[in-house]
Amino acid sequence: MPCGQQESSGGGGGAPGRFVVGVDVGSTVVKCHVYDRAAAVRGSSCRKVEPLYPRPGWVELDPEVLWSQFVGVIKEAVQAAGLHMGQIAGLGISTQRATFITWHKRTGKPFHNFISWQDLRSAELVNSWNKSLLLKVIHVIFTVLHFLTGNDRYLAPSFLTFSTQQTSMKLSWVFKNIHEAEEAARKNNCCFGTVDTWLLYRLTKGSVYATDYSNASATGVFEPFTKCWNPTLCNLLSIPMSIYPPVKDTSFNFGSADSEIFGVPIPIMAVVADQQSAMFGECCFHPGDVKLTMGTGGFWNVNTGKHLFASRRGLYPLIGWKIGEEVVYLTEGTVSDIGTAIRWAQDINLFTNVNETEKMARSIVDSQGVCFVPGFQISVNDPYLCASFMGLKPSTTRNHLVRAILESVAFRNKQLYDIIVKKVRIPLRTVRADGGVSNNSFVMQMTSDLINKKIEKPANADMSSLGAAFLAGLASGFWTDKEQLKKLRRIEAVFEPQKDSEEYKPAMDTWLQAMKRSLHW
């Protein structure tokens, strides 16, 4: 469904509380789906997110525009379903992670726009900290502590490195560069919030100020071992501890949206970070379950159950969700610029419709040695990596360029999967894929070949919306338990390995060489 349009699956009616709403506030779109008890979509709406680029490397979102889009898609989806707001049992909100805003506690006025997780304004800070003597000393101290105690809690700080994707450095930048925020924080009048916190605050007219464990754990400022905001890190970066919201369960009654917004008070029954929400929507409830989301970025998540694996190079521990006494942990690896690269290729007219790319890639036997390197490679953690095409020839066509972009997605999936297999000592089960790029069968088949594993694709690729709806439905009693949710899963396609991964080795070796030449630009 194109953004800006509404879609109905027909048939409104039904008694009050017969439907749940799942909203996904992503990096490129805000989507809303209305679900019935069979988890079938009854109505949808979608609007494009328009990022702001005030300076090179800066990526922001206008909070008022985002708020308007959020409210708009909910109203449109409910209308498209032929329903009225009083028939909604609960609202679940999934949001992009580590995008944040700060505002004045008394006035509610933001000090700046949302600073996106994609923003690179902290690149110099990140670089200087990662090279600093202090960080090397911290590594030594915690390496010794881990050796003496064997406690995994000390393992993560023993090779702590900062990234531009984390909230911590950008938050430090805010207090160094925005005087009003720094002054308000000194007077205990500054509020920090990721997208979920800001939406909760606006929905309840300022009466609810909170986040959940999944969103908090994705900021890089929250300690998943202790389940608290990290005072040591905040002291290190001169970030005041007074700015953080209380942390609540993921599936939880957060209160109701003010009746002035939708005409009736709608219960807000879940807030959750988008990747954890997609994990829940895919019903990856068991240790070893693997979820691969290919949207704006690429995210590999492994359910590690009750065990929290300390951060290891390229992999990060997260809280998946907390429901009552149950806390589920995940290990995550990420790659950037998947959907972004494909969208860019469309913007420069390499193709007209994204559905053409599979056919273009398959129309040639290989990329003819052409390699595409994306703009940021998380495993190398180099914010100065240069996006580039290499190996261009007079015979290079659009088809070769498009195939090279799609191959780069599969190669990075292979890289990250190998790290997961090596570092996460849990037998991995079936991989479940979602996100817009999972609709590309060329990428899916090549990834399955490279990792030599079966990949399932659900009938509905919008797993973040579904996960938020599932969590809201459990909190409101709309669905009874996770066993019931598992029965609602619908698989559209299964990709099984068809080629030996060794057949791709020459092409992947060339791509790795191209990537090395693009570092530290």
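Just above sits the structure.
Quick look at the structure, then. (Residues numbered from 1 in each chain as written. Predicted model: local features only at pLDDT ≥ 70, side-chain atom pairs only at ≥ 80, totals over all residues. Heavy atoms only, no water.)

1. Looking at helix α6 (residues 179–186)
Formally: Summary of the burial criterion: residues with accessible area below 20% of their type's maximum are buried, those above 50% are exposed, and those between are partly exposed, where the area comes from a 1.4 Å probe applied to protein chains only. Numbering goes from the N terminus for both helices and strands, where a helix is a DSSP run of H or I of at least four residues and a strand is a run of E of at least two. Throughout, the arc means the angular range of directions from the helix axis out to the C-beta atoms. In what follows, residue pairs with any heavy atoms lying within 4.5 Å of each other are defined as contacts.
Residues Ala181, Ala184 and Ala185 constitute the buried set of α6. With its buried residues spanning 100° around the axis, α6 presents them on a single face. Next to the buried residues of α6 lie β7 (100–104), α5 (167–177) and β9 (190–194).

2. As for the sheet that holds strand β16 (residues 298–305)
Rule in force here: Strand pairing is defined by DSSP finding a minimum of two bridges between the two strands. The axes are straight lines fitted to the C-alpha atoms, using for helices just the contacting stretch, and the angles between their N-to-C directions are given from 0 to 180°.
Pairing within the open sheet is mixed, and its 7 strands lie in the order β17-β18-β16-β15-β21-β22-β23. Where the open sheet ends on each side, the last strands, each with one partner, are β17 (316–323) and β23 (491–495). In this sheet, neighbouring strand axes are inclined to one another by 30° on average, regardless of whether the strands run parallel or antiparallel. Relative to β23, strand β22 (residues 455–458) runs antiparallel, the two sharing 4 bridges. In the strand pairing of β23, isoleucine 455 is matched with phenylalanine 495.

3. With respect to unusual backbone geometry
Of note in the backbone geometry, lysine 205 takes a positive phi value of approximately 55° without being a glycine. Tracing the backbone shows lysine 205 in the loop between α7 (195–203) and β10 (211–212). For serine 238, which is not a glycine, the phi torsion comes out positive at approximately 60°. Along the polypeptide, serine 238 turns up in the loop between α9 (231–236) and β13 (247–248). Overall, serine 238 belongs to the exposed group, its relative accessible area being 54%.

4. Looking at the pattern of salt bridges
For clarity, the threshold we go by: When a carboxyl oxygen of Asp or Glu is within 4 Å of a side-chain nitrogen of Lys or Arg, the pair counts as a salt bridge.
Within the structure shown, the criterion is met by 24 salt bridges. Residue aspartate 249 is joined to lysine 322 by a salt bridge in which the shortest nitrogen-to-oxygen separation is 2.9 Å. Here aspartate 249 is found in the loop between β13 and α10 (259–262), whereas its partner lysine 322 is found in strand β17, with 73 residues between them in sequence. Take aspartate 249 and lysine 322: they sit in the same class, and that class is buried. Linked through salt bridges whose partners overlap, the residues forming this network are Glu282, Arg432, Glu456 and Arg489.

5. Remarks on the pairing of strand β15 (residues 290–294)
When you tally the buried positions in β15, you get 5 out of 5 residues, the bulk of the element. Side chains of β15 alternate between two faces, with Val290, Leu292 and Met294 and Lys291 and Thr293 buried alike. Looking at chain direction, β15 and strand β21 (residues 431–434) are connected through 4 bridges and run parallel. Opposite valine 290, over in β21, you have valine 431 as the bridge partner.

6. Here we look at the environment of glycine 324
Structurally, the position occupied by glycine 324 is in the loop between β17 and β18 (326–335). According to the relative accessible area criterion, glycine 324 is partly exposed, its value standing at 34%. Measuring from C-alpha to C-alpha, the distance between glycine 324 and phenylalanine 252 comes to 8.6 Å, with 72 residues separating the pair along the chain.

7. Section: the side chain of aspartate 196
Note the following rule: Charged residues are defined narrowly, with Lys and Arg counted positive, Asp and Glu counted negative, and His plus the chain ends left uncounted.
Relative to the elements of secondary structure, aspartate 196 occurs in helix α7. Buried charged residue aspartate 196 carries no salt bridge. Nearest counter-charge: arginine 97, at 10 Å. Beyond its immediate chain neighbours, meaning those up to four positions away, aspartate 196 contacts Thr95, Ala210, Thr211, Asp212, Asn215 and Val271.

8. A short note on the layout of surface pockets
Our working rule: For cavity detection a 1 Å grid was placed over the protein atoms alone, and a set of points counts as a cavity when a 1.4 Å probe fits there but cannot get out; an open set counts as a pocket when protein lies on both sides within 12 Å along at least five of seven lines, with lining residues being those that have an atom within 4 Å of a point. Grid points are joined across faces, edges and corners, and a volume is the space filled by probe spheres set on the points. Just so you know the grouping, Ala, Val, Leu, Ile, Met, Phe, Trp, Tyr, Cys and Pro go in nonpolar, Asp, Glu, Lys and Arg go in charged, and all remaining residues, Gly too, go in polar.
Its boundaries defined by the atoms lining it, the second largest pocket holds a volume of some 740 Å³. Around the second largest pocket, the lining comprises 27 residues; the ones closest to its centre are Tyr53, Val59, Gln118, Asp337 and Thr340. Ranked by the residues each element gives to the lining of the second largest pocket, the list is headed by helix α12 (residues 339–347), at 5 residues. Considering only residue class, the lining of the second largest pocket consists of 14 nonpolar, 10 polar and 3 charged.

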